[in-house]
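A closer look at the structure
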Amino acid sequence: MPRRLTIRDIHEAARSRKLSMVTAYDAFSARLVDESGVDMALVGDSLGTTVQGRPDTLGVTMADMLYHTGIVARCSSRALVVGDMPFGSYQASRARAMENAMAFLRAGAQAVKLEGGKRVLPLVKRMVEAGVPVMGHLGFTPQSTNQTGGPRVNKARDTLLKEALALEKAGVFALVLEMVPAEITKEISKALTVPTIGIGAGPHADGQVLVFYDMLGFSPEFTPRFLKRYFDFHNGALGALKAYKADVEAGSYPGPEHSY
Ligand code: KIV
């Protein structure tokens, strides 16, 4: 069985090639992501929209995240598992945030991710000191959707650069940049020693992340410019379900070869 990647492995890999990360939520996605050799499986709070059918990620709870993190950890053996701290799990009090971060590691994650810059710096520092590896997340941060009015390209170069450097100083091992212009990503990636992981942030990040459901075509209505669809699951599965229904109605399934 392959060995689980460590943060040291991720840093070493980043010196010679780009990193890959894909979200995973359940046995199906965890096994596929792991078998593909993708470096990191992010148990994203995007499960609020992809799995739970919510309009955004704000309703996702710690209980939801720990449930899915446990499954992803159990059903993967190589990818580094990153648990995404949901809205409300690290904002209310520092003690609660610390307990919640540790709960992710107990559930099987090797690291946590949290959104934000300046306001999370002391927390990141405390978590790292306590032995919890942290991935930062700047640019468009979906948990602030009520403040930003939805997904927006974040062009605040000076703030992004300042906060990225401050997060690195606080101890993040990697930094997600979401919906950031390519040239700003380039500048930030050059300035940091830890790897940047882009989503809608152009080609200059040290790695890329995509949402499993989006990249595999589960959600045909979701068509942001940054998304590349590598598979058309929706139409393939829809065709298969329609063929099954037609076979059942015509009496051609099950045939003798499916019968005892
Ligand atoms: O929740 C998530 O899937 C994420 C990625 C889009 C980075 O935060």
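Going along each chain's sequence as written, the residues are numbered from 1 onward. Per-residue local features of the predicted model are confined to residues with pLDDT of at least 70, and side-chain atom pairs are confined, for both listing and counting, to 80 or more; whole-chain, interface and lining totals are unaffected and use all residues. Heavy atoms throughout the structure, all of them, feed into the side-chain values; hydrogens and water do not.

Remarks on the layout of surface pockets
Where empty space is left can be seen by rolling a probe of water-molecule size over the atoms. Of the volumes computed, that of the largest pocket is approximately 790 Å³. Ser-46, Thr-49, Val-211, Asp-214 and Phe-222 are the residues nearest the centre of the largest pocket, which is lined by 33 residues in total. Starting at the N terminus, helices and strands are each numbered in turn, a helix being any DSSP run of H or I of at least four residues and a strand any DSSP run of E of at least two. Elements represented by at least two residues in the lining of the largest pocket include exactly strand 1 (19-23), helix 3 (47-50), strand 6 (174-178) and helix 10 (212-215). Lys, Arg, Asp and Glu make up the charged group, whereas Ala, Val, Leu, Ile, Met, Phe, Trp, Tyr, Cys and Pro make up the nonpolar group; the residues left over, Gly among them, are polar. Looking at side-chain class alone, the lining of the largest pocket contains 16 nonpolar, 9 polar and 8 charged residues. Taken as a whole, the second largest pocket spans an internal volume of roughly 440 Å³. Lining residues are defined by having an atom within 4 Å of a point belonging to a cavity or pocket. Those points lie on a 1 Å grid over the protein atoms alone, cavities being sets where a 1.4 Å probe fits but cannot get out and pockets being open sets with protein on both sides within 12 Å along at least five of seven lines. Around the second largest pocket, the lining is made up of 26 residues, and of these Val-22, Val-209, Leu-210, Met-215 and Tyr-230 lie nearest the centre. Elements that contribute at least two residues to the lining of the second largest pocket include exactly strand 1, helix 2 (27-36), strand 7 (196-199), strand 8 (207-210) and helix 10. Grid points are joined across faces, edges and corners, and a volume is the space filled by probe spheres set on the points.

Describing the side chain of His-137
Tracing the sequence through the fold places His-137 in strand 5 (residues 134-139). Summary of the burial criterion: residues with accessible area below 20% of their type's maximum are buried, those above 50% are exposed, and those between are partly exposed, where the area comes from a 1.4 Å probe applied to protein chains only. For His-137, a relative accessible area of 3% puts it in the buried group. Pairing of N or O atoms within 3.5 Å defines a polar contact, subject to two protein rules: one partner must be a possible hydrogen donor and the other a possible acceptor, and residues neighboring in sequence count only if both atoms are side-chain atoms. In terms of polar contacts, His-137 uses its side chain to reach the side chain of Glu-178, at 2.8 Å. Setting aside residues up to four positions removed in sequence, His-137 forms contacts with Lys-113, Leu-114, Glu-115, Gly-116, Pro-142, Leu-175, Val-176 and Glu-178. Any two residues whose heavy atoms approach within 4.5 Å are treated as being in contact.

Points about unusual backbone geometry
Following Tyr-253, the chain continues into Pro-254 via a peptide bond in cis, with omega recorded as -5 degrees. Positionally, Pro-254 belongs in the segment after helix 11 (233-250). One non-glycine residue, Met-179, adopts positive backbone phi at about 50 degrees. Tracing the backbone shows Met-179 in the loop between strand 6 and helix 9 (182-191). According to the relative accessible area criterion, Met-179 is buried, its value standing at 16%.

Focus on the pattern of salt bridges
Just to be clear on terms, a salt bridge is a Lys or Arg side-chain nitrogen sitting within 4 Å of an Asp or Glu carboxyl oxygen. Counting across every chain of the model gives 7 salt bridges. Linking Asp-39 and Arg-17 is a salt bridge whose minimum nitrogen-to-oxygen distance equals 2.9 Å. One end of the pair, Asp-39, is in the loop between helix 2 and strand 2 (40-43); the other, Arg-17, is in the loop between helix 1 (7-16) and strand 1, and 22 residues separate them in sequence. On the basis of relative accessibility, which here comes to 2%, the residue Asp-39 falls in the buried class.

Re the domain arrangement of the chain
By convention here, the domain bounds are inherited from an automatic or database domain assignment. Per the domain assignment, the segments making up the chain are domain 1 (7-229) and domain 2 (233-260). If you average the C-alpha positions of domain 1 and of domain 2, the two centres end up 39 Å apart.

Topic: the packing of aromatic side chains
Ring geometry is summarised as follows: Phe, Tyr and Trp rings, the Trp one being its six-membered ring, pair when their centres sit within 6.5 Å, and such pairs are stacked at plane angles under 30 degrees, edge-to-face over 60 and tilted between the two. Under the counting rule described, the total for this entry stands at 7 aromatic pairs. With 5.9 Å between their ring centres and 85 degrees between their planes, Phe-28 and Phe-212 make a pair best called edge-to-face. Of this pair, Phe-28 sits in helix 2 while Phe-212 is found in helix 10, placing the two residues 184 residues apart along the sequence. With a centroid separation of 5.8 Å and an interplanar angle of 45 degrees, the aromatic rings of Phe-212 and Phe-218 are classed as tilted.

Side note on the environment of Ser-259
With respect to the helices and strands, the residue Ser-259 is situated in the segment after helix 11. Each C-alpha atom, one on Ser-259 and one on Ser-16, is 54 Å from the other, the two residues being 243 residues apart in sequence. A polar atom in the side chain of Ser-259 sits 2.9 Å from the backbone oxygen of Gly-255.

Considerations on the site of the ligand
We define proximity as follows: a residue is near a molecule or strand when any one of its heavy atoms falls within 4 Å of that partner. Taken together, Thr-23, Leu-42, Gly-44, Asp-45, Ser-46, Asp-84, Lys-113, His-137, Ile-199 and Val-211 make up the full set of residues near the ligand. Here Ser-46 contributes a side-chain N or O atom positioned 2.6 Å from an oxygen atom of the ligand. Between an oxygen atom of the ligand and a side-chain N or O atom of Lys-113, the distance comes to 3.0 Å. Put plainly, a molecule is in a cavity or pocket when over half of its atoms are within 2 Å of the grid points there. Applying the majority rule of atoms within 2 Å of the grid points places the ligand in the largest pocket. For the shell around the ligand, the class distribution of residues is 3 nonpolar, 4 polar and 3 charged.

Comments concerning the environment of Ala-101
Looking at the element boundaries, Ala-101 is found in helix 5 (residues 94-107). Remark: the alpha-carbon pair of Ala-101 and Tyr-90, spanning 11 residues in sequence, is separated by 8.2 Å. Not counting chain neighbours up to four residues away, the residues in contact with Ala-101 comprise Met-85, Val-112, Met-127 and Val-132.

A look at the pairing of strand 2
Burial along strand 2 is two-sided: Met-40 and Leu-42 facing one way and Ala-41 and Val-43 facing the other are all buried. If DSSP finds at least two bridges between two strands, the strands pair. Inspection of the sheet shows strand 1 paired to strand 2 by 3 bridges, in the parallel sense. Counted as the bridge partner of Thr-23 is Leu-42 from strand 2. A crossover gets the label right-handed when its path from the first strand over the helix to the second runs clockwise, viewed with the strands pointing away from the viewer. With helix 2 bridging strand 1 and its parallel neighbour strand 2, the resulting β-α-β unit is right-handed. With 4 bridges connecting them, strand 2 and strand 3 (residues 80-84) associate as parallel partners. Each bridged residue has a counterpart across the sheet, and for Met-40 the counterpart in strand 3 is Leu-80.

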